[in-house]
2 protein chains.
Amino acid sequence: MCLIMEDDDDGVVLVSPSNFSMVEDGIYRSGFPQPENFGFLKTLNLRSIIYLCPEPYPEENLKFLEANNIKLFQFGIEGKTDPPTPMPKDTVLDALKVLVDVRNHPILIHCKRGKHRTGCLVGCLRKVQSWCLSSVLEEYQKNAGLKWRQRDLKFIETFDIVSLRQCLLSIMYRYHGYGFKRRRLLNEEENVQKLKPQAAKV
Amino acid sequence: MCLIMEDDDDGVVLVSPSNFSMVEDGIYRSGFPQPENFGFLKTLNLRSIIYLCPEPYPEENLKFLEANNIKLFQFGIEGKTDPPTPMPKDTVLDALKVLVDVRNHPILIHCKRGKHRTGCLVGCLRKVQSWCLSSVLEEYQKNAGLKWRQRDLKFIETFDIVSLRQCLLSIMYRYHGYGFKRRRLLNEEENVQKLKPQAAKV
């Protein structure tokens, strides 16, 4: 009946990674996880991590992933600001494809501080979810704090999600056949009949 | 296989309430929802709302709740800052009891701006979940932004969760009998046997 909680009789406290928050059921975001965060991460039962920096993953983190059977998806996006490197659209699109695949959930997205690269990826996800632009940008800014960047907002605004939608539809068709849309409609009709058996018989 | 998404062929965009974020599976937080946010709120399939202000709920919002079968739990906490009113511990405790009861989920917590009253309630929930204090305060500050208040941090730090834990245990006992802890252990043993049928027969 109640939320499952850790029993703190043994005095264990959970240290979340910096800038941690929940994005959706089975999707989390944060700054770079440190070994002190591993206990916290275990409670999320992660299946995968999307890591958005080009630097190699630290040995200690790799060991944690191996011990907990967590798959690492690395998309090396430069974080340098001098000179500023533009966010690579194709790489973000590839990361999005991994992110929306529920076979990879629960999943944690992180870069270094969980602000810019992570913020752009989550912003693009929100566009796919039909969030209006001001809602998307408010969430980006809340997580970036005083470090928010105008060029990230522009990247999110101009990011084209049509190619992702096409990719998603092609996956649906591959798994469900080209009658997918029609079948979904038929299922809905069946449900209506189940809900209203008397009306259906008339 | 993929996240369920709204089909935006009809151009509908979803406007989240101000300062919206997800707290846990089935728990959301935000500022005061406006009519323009009702479409967004529908996608959350809410069962309840915890409203933390003393002011009556607007007629338009009440109609939305009724039409969508959403239960309202109101805990009138004063938000005045001149003079500052202390956060009432008993009221926060009562709200916490509603919040951790999964029969009320999915649930949205909101006050006016989703910063102070909502931030204190979520902070207390995190303590119940054994989050360390610095993680709790980081989350509070991220959502309060520049408006964060020292006295809220002090309230969260000194909030005593022992009485809530006692209440939760009494609920567990009421629903599961006093053999609850022992039965849970037995269930775990049974699961081990199911996983290792050969070993169990030896």
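Named according to an unreviewed UniProt entry, chain A is diphosphoinositol-polyphosphate diphosphatase originating from Arabis nemorensis.

Undergrad: Teacher, can you tell me more about the pairing of strand E4 (residues 71-74) of chain A here?
TA: Regular strands have side chains that alternate between both faces of the sheet. Residues and elements named next belong to chain A. Pairing of strand E3 (residues 48-51) with E4, which is carried by four bridges, proceeds in the parallel orientation. Bridge assignment links isoleucine 49 to a residue of E4, and that residue is leucine 72. In this fold, the crossover linking E3 to E4 by way of helix H2 (residues 59-67) has right-handed handedness.

Undergrad: Sorry, what's going on with the pattern of salt bridges here?
TA: A side chain with one charge can pair with a side chain of the opposite charge if their charged atoms come near. All names here are of chain A. Scanning the entire structure with this criterion turns up six salt bridges over all chains. Among the ionic pairs, glutamate 24 bridges to arginine 126, the shortest N-O distance being 2.8 Å. Note that glutamate 24 is positioned in strand E1 (residues 21-24) and arginine 126 in helix H4 (residues 117-128), a separation of 102 residues in sequence. For arginine 126, a relative accessible area of 2% translates into the label buried. Between glutamate 139 and arginine 126 there is a salt bridge whose closest N-O contact spans 2.8 Å. Of this pair, glutamate 139 sits in helix H5 (residues 133-144) while arginine 126 sits in helix H4, and the two are 13 residues apart along the sequence. In this structure, glutamate 139 and arginine 126 share a single accessibility class: buried. Three or more residues are tied together by salt bridges with common partners; here these are Glu24, Arg126 and Glu139.

Calculation rules
Every residue gets a number counted from 1 within its own chain, in the order that chain's sequence is written. Here every chain gets a letter starting at A, and every ligand a number starting at 1, in the order they are written. Whole-chain, interface and lining totals are the exception, using all residues; otherwise, since this is a predicted model, local features are given only for residues with pLDDT of at least 70 and side-chain atom pairs are given and counted only at 80 or more. The side-chain numbers reported here are obtained from all heavy atoms of the structure, hydrogens and water having been left aside. Between any two strands, pairing holds if DSSP finds at least two bridges. The numbering of helices and of strands both runs from the N terminus, where a helix is a DSSP run of H or I of at least 4 residues and a strand a run of E of at least 2. Here is how to tell: hold the view so the strands point away, follow the path from the first strand over the helix to the second, and if it runs clockwise the crossover is right-handed. What counts as a salt bridge is simple: a side-chain nitrogen of Lys or Arg found within 4 Å of a carboxyl oxygen of Asp or Glu. Burial classes follow relative accessibility: with a 1.4 Å probe on protein chains only, a residue under 20% of its type's maximum area counts as buried, one over 50% as exposed, and anything between as partly exposed.

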